Structures are given as C-alpha cells and as structure tokens.
Amino acid sequence: MIAAAGLGSRLGAATPKCLVKIDGVTLIERQLELLQDVPEVRVIVGFRERDVMDLVSSIRPDVVFVRNPDFAHTHTIHSLRRALQHSSRWFLALDGDLVIEPTSFRSFLATCAATAEDPVLAIGESGTEDGVFVQTATVGSDLLITSFSRERCSGYEWSGMAHLHSNHIAEGDRFVFETLVDSLPMRAAVIDAAEVDTPQDLQRARSVVRDWERAARSITIEPTIDLWETVR
Amino acid sequence: MTRRTVYCFDLDGTITDAEILPLIAAETDLEDEITALTKSTIEGAIPFDTSFRLRCRLLAEVPVSRVREITSTVPLNADIVRFIQQRPDDCAIATGNLDLWVQPILDRLGCRAFTSTALSADDVLWGVTDTLYKADAIEALQDDDTLVVAVGDGMNDVPMFEAADVAVAFGGVHPPAEAALDAADFVAMNGAGLCQLLNSL
C-alpha cells in the first residue's frame, strides 16, 4: 500500500511528492521497480490523482488505486484505512516519498515474509529534518522498538514503512506512529532509506541515491575482475 | 465482518472489451453517428436514457437475430468472466442495454442481470419499454447482511456507485468517465488488478 495522496506542501513543489524526480526517475517509479515481485500493489491517490494514476498504470497496469478525496485534511492513516476497507489482512505500508536502497528493501521483505504474522517496522539512521525517532532495545537476536518520539532520542527514525495488519490501524485519526504506540514493543528491521519531506531532504536523497548507485556499480564490477584472474 | 459480498458489474466497456452499440451500428450506414452518440453518452454530455432510446431507434433496422449474433461473439474480459463464473450466485450485471440484445452474453456469464427491456415481433425491435436506472439494481441487491460492490466505467454507472457500499471505476477498455472516477472508491485499470481487488473485499 503506497500512500501517495498528500500535497507534499513542505517540499513546496507543484507536483505530488511521488512524482518528484531523482536523476530523472520519479520516486514512484523507483518504488514500483522495488515492488516488481510483489503480486498486489495499491497506490492511494489524492492530490493530482490523475497524473499519478496515468504514470503508475503505464508502468504497471494491474496496480489498484484507492481514492482519498479528503487528502488535504486527513492523515496517512485515513488513506491506509481506505485502502484496506472491508478487508482484514497483512500488508506492507509505504510512503510515496521514501527512497529505499534496493538490497536493504529486499532483505526487509524477506524479514516480513519470515515473520509473516508479526508486525515489523523499517527503521533507518535519522537524517530527515523532522522524523519520528524510535528508541530500541535488543532482546536476544531481535531488535525491538520500545517508544516513538518527535524529539531526537536515538540515532534511528521510523521510515514510515511497516509490515502491519489492518487491525493495527483500525482506530483513531492520528499519525500512524501514534496509533502504533498501543502495539509496542514491535519488531524493527534496519533499512537504508531517505524520506523526502523538505527541499533539504530532497538534496540529501539525491546524494544518497548517487552513493547507492556508485556502490552497486562497484559490486557488479568486482566479480568480473575475479573471474579474469581465475582464467589467467 | 461476516457480511456476504455481492458484485454488480456494468456490461458495455466493462465486461465487454468493446462498446456493443457501435458494433451493431457497423451493420447500418449510421456507424459514425452512433459512435459519436455513444462517446458523448459515456462522457455524460447526453443523458443516458435519452441517448439510449435514440440509438435504439436508429438501430431498430438491424434484425434482432443479427444483433444477437454480434453480441454472442463480442470479446469479453477473460479475468472478469472467470471471476463471475467462479461465483455466479454472488454476481449480477446491471446494464442499460436491452435484454433481447444482450441475452447471449448473459447466458455466457450465468449470473442474474438487471437490464433495460424492449419488445420485438418478427425479429424486429418495436420499442424500448423500460430503461434501467442502475441504482435500482443496487437497491434490489442490498440488505443488512450484504456488502454491495459496484464496478463500472461510464456516466450512467454513477447512480449505481452512489448507491453501492464500494464503487470501483474500471478503465480496462477506455479511461473511466470523469464523473465515474470522481464517484469511485477504487480505480482498476485492467482485469487482473480488478479481480485482485474484488477478491479482497
């Protein structure tokens, strides 16, 4: 469930945040590429919904759109609830303004699959301007979130991505993290991601994406060299 | 949450991969005119009722048996047909089209249907006796224990969308009409996406 209905007013762009480009590729295209093997994708649309629908369905025609006409004065939780209306199920929630490093996304998906009936929240090193920070504790091999805070209380923030059940978001019109407080402690998994809320965030996301791509290239080159030496 | 879910589908341009009336019009020398009327009707420029009666009058020269030959071969969306055939008791069709024209399609689908009605004699269409107001179909399907999901693409699906518990605009054949989109909770752009959604409701 990609929440992409918002105005993105803090970024100050005239386009929805999911249509903002990094290196010529929109954030939503980057996410759809990550979600290639995920069989069901829903995108919640609001602000300039037709633009988002046109782009997404031209890339992946089986995506289902959920309309949130009240996008201007509702929280993300309202969007998610609309996406899940009349169904009781596990789902992956994802904000349309999140850029995620592909390898860490795949390992997060694997964690979700392994803990199928357990919520998991994706946390990352804090870097956004006003994130939702998390306090964590390690119990055995598990990393658990023990509290959320608007104050910087740790080096980690919640990315907005989570594997949840529709029951987790059943009540209240608050921020999603405020609703999840009742379910703490919850399992966390660390991902490498950048959220785009403000122009500064976008700048940071651009440099982060460049770093990822540079790293990915160096990884793919190395085996070639090894192979060459083996042949020699 | 143990409500039974019932699915009510528009026919032309939702289940059928083409609008039916223009196909029938190809049998006459008024094809362009009827296509233009159909387009304006989908877009909401002409009220469905008025336009439909007019188009029926124009198409009355085509023998009913010939129309049925056409409707019996019109391509249908395979995903939607499979969905309906798997649970015919939970599905219904709500079409403004005429019972005596679309019966071959309804036979293929095997579920109940709400249609406009007409009289014919000696293979000739006499006249439309009733045009379906689609909200009436939803009301007939609704009760306290039923969740009614409506699926359609056109302007005349809006009353059905407003009456249903869940409205799904379908853009598999052409983009949904502006007004249908504005009245929808969900939008699906192909049969696979639509059926995934319907299965989850």
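Structure: see above.
Figured I'd write up the structure that's included with this text. Small disclaimer: the values here were computed from a predicted structure and weren't measured.

Along chain B, the regular secondary structure elements total ten helices and seven strands. Its C-alpha atoms give chain B principal-axis dimensions of roughly 50 × 30 × 30 Å. Here chain B holds 201 residues, and the buried ones make up 56% of them. Put simply, 58% of the contacts in chain B that link residues at least 6 apart link residues at least 24 apart. For chain B, the computed accessible surface area is about 8300 Å², with 48% contributed by carbon and sulfur atoms. Charge separation in chain B, taken as the distance between the mean sites of 13 positive and 33 negative side-chain charges, equals 4 Å.

With that settled, the discussion passes to the pattern of salt bridges. This model, assessed by the stated rule, comprises 23 salt bridges over all chains. Here A:Asp97 ties to A:Lys17 by a salt bridge, and the two come within 2.6 Å at their closest N and O atoms. On the criterion of sequence distance, the pair formed by A:Asp97 in the loop between strand 6 (90-95) and strand 7 (98-100) and A:Lys17 in the loop between strand 1 (2-4) and strand 2 (21-22) is long-range, its members being 80 residues apart. Each member of the pair, A:Asp97 as well as A:Lys17, carries the same accessibility label: buried. Linked by salt bridges that have partners in common, A:Glu49, A:Arg50, A:Arg67, B:Glu178 and B:Asp182 make up one network.

As a further point, take the interface of chain B and chain A. Counting from both sides, the interface comprises 21 residues of chain B and, opposite them, 20 residues of chain A. Roughly 1700 Å² is buried in total at the junction of chain B and chain A, and carbon and sulfur atoms are behind 53% of that figure. There are four salt bridges connecting chain B and chain A. For the salt bridge of B:Asp182 with A:Arg50, the shortest nitrogen-to-oxygen distance reads 3.2 Å. Here chain B is connected to chain A by nine residue pairs in polar contact (both at pLDDT 80 or more). At five residues, the largest contribution of residues to the side of chain B that touches chain A is made by helix 10 (residues 191-200) of chain B. Taken together, the three bridges between strand 5 (residues 64-67) of chain A and strand 7 (residues 186-188) of chain B define a ladder with antiparallel strand orientation. Bridging across to strand 7 of chain B, A:Val64 finds its partner in B:Ala188.

Note on backbone geometry: most residues besides glycine have negative phi, and most peptide bonds are trans. A cis amide bond links A:Leu184 with the next residue in sequence, A:Pro185, at an omega value of -5°. Tracing the backbone shows A:Pro185 in the loop between helix 5 (176-180) and strand 12 (186-190). Positive phi outside glycine occurs at A:Arg48, with the angle close to 45°. In this fold, A:Arg48 is placed in the loop between strand 4 (42-45) and helix 2 (49-59). Positive phi outside glycine occurs at B:Asp123, with the angle close to 70°.

Residues and elements named next belong to chain B. Between its first and last C-alpha, helix 2 (residues 31-43) extends 18 Å over 13 residues, near the 18 Å set by a 1.5 Å rise per residue. Within helix 2, the full set of buried residues consists of Ile-34, Leu-37, Thr-38, Thr-41 and Ile-42. The buried residues of helix 2 occupy an angular sector of 130° when projected down its axis, which confines them to one face. Across from the buried face of helix 2, at angles greater than 90 degrees, the exposed residues are Asp-32, Lys-39 and Glu-43. Next to the buried residues of helix 2 lie helix 1 (20-25) and helix 3 (48-59). Trailing helix 2 by a residue or two, Gly-44 shows a phi angle of about 90°, which is positive.

Attention shifts here to a nonpolar patch on the surface. On the surface, a nonpolar cluster with roughly 360 Å² of combined accessible area is contributed by B:Leu119, B:Val124 and B:Trp126. Here B:Trp126 falls in the exposed class, since its relative accessible area comes to 67%.

About the thresholds
- Residues numbered from 1 in each chain as written.
- Chains lettered and ligands numbered in written order.
- Predicted model: local features only at pLDDT ≥ 70, side-chain atom pairs only at ≥ 80, totals over all residues.
- Heavy atoms only, no water.
- Helix = DSSP H or I, 4+ residues; strand = E, 2+ residues; numbered from the N terminus.
- Buried < 20%, exposed > 50% of the residue type's maximum accessible area, 1.4 Å probe, protein only.
- Contact = heavy atoms within 4.5 Å.
- Areas by Shrake-Rupley, 256 points an atom, 1.4 Å probe, with all protein chains shown as cover.
- Lys, Arg positive; Asp, Glu negative; His and termini not counted.
- Charge placed at Lys NZ, Arg CZ, Asp CG, Glu CD.
- Salt bridge = Lys/Arg side-chain N within 4 Å of Asp/Glu carboxyl O.
- Buried area = accessible area lost by both parts, 1.4 Å probe.
- Polar contact = N/O pair within 3.5 Å; in protein donor to acceptor, adjacent residues only side chain to side chain.
- Pairing = 2+ DSSP bridges.
- Expected span 1.5 Å × (residues − 1).
- Arc of directions from axis to C-beta.
- Patch = residues over 30% accessible without salt bridge, like charges linked within 9 Å, V, L, I, M, F, W, Y side chains within 5 Å.

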